[in-house]
Amino acid sequence: MTLAGPASTAAKSDSKEPASRVLLIGTEPRLRKTLEAALESRSCLSRYAAGSADSLRRLRLDPYDVVITDPATGIDEDMALLAELRGIRPGVRVIVLAPESTPEEIIAALRARVFMLKNAPFDAEEIADYALQAGVEAASPLGIEVLSANRDWVSLRMNSHRLTAERVVEFFSELQTRLAQGPRKQLMMAFREILMNAIEHGAEFHPSKLVEVTAIHTQRAIVFYVHDPGTGFRLDNLPHSALSNPPDAPLAHIESREAMGMRPGGFGILLAKGIVNELIYNDVGNEVLLIKHTA
């Protein structure tokens, strides 16, 4: 997933300072090479640490914004290292790379406020995008609080920041191990669209407004719940949404969006309805369930 937004543009300014200072730990040669190239293309400065001890030594010497862990180490080891890293640089953002992870390990990473966790196979461009954003947003709060979590039920509270939403989508994606890659990608696309609607229209991207999200696994379904702090809406009164378009004018909502000064889009709810089996809103319109049958 490629991240976009004002922060990315700012990072590509003419400043001599790197957009983000990144420390790569023990990365295997091929991934290290592609990561270094991807980071350099984003004006990020990257350095290599041979292992955990070397990473601590280097972090004492230089102020890195982001640390990317060794993909060969287990998450338990990474969590132990995370505590030591923050003892040296409290604000450092950590991206955990793992050969694989269990739901319990993903939950542990969320509780430890890991910036991002990715399982193999790795996409160097995607990881570099997150490393860039982590550095650019280094002064902002991480923005995800675990309310309740076990293998089948994870509830979070998050701030209304686009980057926070992208991170939640990635964490929840890593939890959907029972789905093949194709169906998982589609399901997360539907969840992302509904979550983005919540922080854009319900919370108006206001950093102090909070959104609650839950991922639930049952024996026969995956359920996502999203609750935003807005006043809600009526599904039959959304002129800016593709849902309102008559059959003979599939793009009519675009004119409404332009007149309202809104960004291009409006296909989110329609797209989600085509992916999940059930999309259910409460009567106010600020709570929604996405239900995908797995059996």
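Coordinates for the structure precede this section.
On a predicted model such as this, the values are computed, not experimentally measured, just so you know.

Draft legend 1. Seen up close, the sheet that holds strand S3 (residues 66–68). Within the open sheet, the five strands sit side by side as S2-S1-S3-S4-S5. Their pairing is parallel. Strands with a single pairing partner mark the edges of an open sheet, and in this sheet they are strand S2 (45–49) and strand S5 (116–119). Within the sheet, the average angular offset between the axes of one strand and its neighbour, ignoring direction, is 20 degrees. Sheet topology places strand S1 (residues 21–25) next to S3; three bridges connect them, and they run parallel. Within the sheet, the bridge partner assigned to Leu24 lies in S3 and is Ile68. Contacts between helix H3 (residues 52–61) and the sheet are confined to S1, S2 and S3, with S2 contributing the most and set at about 135 degrees to the helix.

Draft legend 2. Focus on unusual backbone geometry. Following Ala120, the chain continues into Pro121 via a peptide bond in cis, with omega recorded as 0 degrees. Looking at the element boundaries, Pro121 is found in the loop between S5 and helix H6 (124–136). In this structure, Ser43 is a non-glycine residue whose phi angle is positive, near 65 degrees. Of note, Ser43 is situated in the loop between helix H2 (29–41) and S2. Classification of Ser43 by relative accessible area gives partly exposed; the value is 38%. Its identity as a non-glycine residue notwithstanding, Phe205 has a phi of 55 degrees, on the positive side. With respect to the element layout, Phe205 can be found in the loop between helix H8 (181–202) and strand S8 (210–217). Exposure remark for Phe205: the relative accessible area of 30% places this residue in the partly exposed category.

Draft legend 3. Quick peek at the pattern of salt bridges. Per the counting criterion, the structure on display carries 14 salt bridges. Note that Glu36 is salt-bridged to Arg32, the shortest N-O span being 3.0 Å. Of this pair, Glu36 and Arg32 are both found in helix H2, four residues apart, which corresponds to roughly one turn of the helix. Residue Glu36 is classed as partly exposed on the basis of its relative accessible area of 27%. The residue Arg42 makes a salt bridge to Asp129 at a minimum N-O spacing of 2.9 Å.

Draft legend 4. Helix H10 (residues 268–275), seen in detail. Restricting attention to buried positions, one finds in H10 the residues Gly268, Ile269, Ala272 and Ile275. Around the axis of H10, the buried residues are gathered within 125 degrees of arc, so they sit on the same side. Where the residues of H10 are buried, they touch H8, strand S10 (278–281) and strand S11 (287–293).

The rules behind these values
Residues numbered from 1 in each chain as written. Predicted model: local features only at pLDDT ≥ 70, side-chain atom pairs only at ≥ 80, totals over all residues. Heavy atoms only, no water. Pairing = 2+ DSSP bridges. Helix = DSSP H or I, 4+ residues; strand = E, 2+ residues; numbered from the N terminus. Axes fitted to C-alpha atoms, helices over the stretch in contact; angles between N-to-C directions. Contact = heavy atoms within 4.5 Å. Buried < 20%, exposed > 50% of the residue type's maximum accessible area, 1.4 Å probe, protein only. Salt bridge = Lys/Arg side-chain N within 4 Å of Asp/Glu carboxyl O. Arc of directions from axis to C-beta.

The values reported here are purely geometric and, on their own, carry no functional implication.
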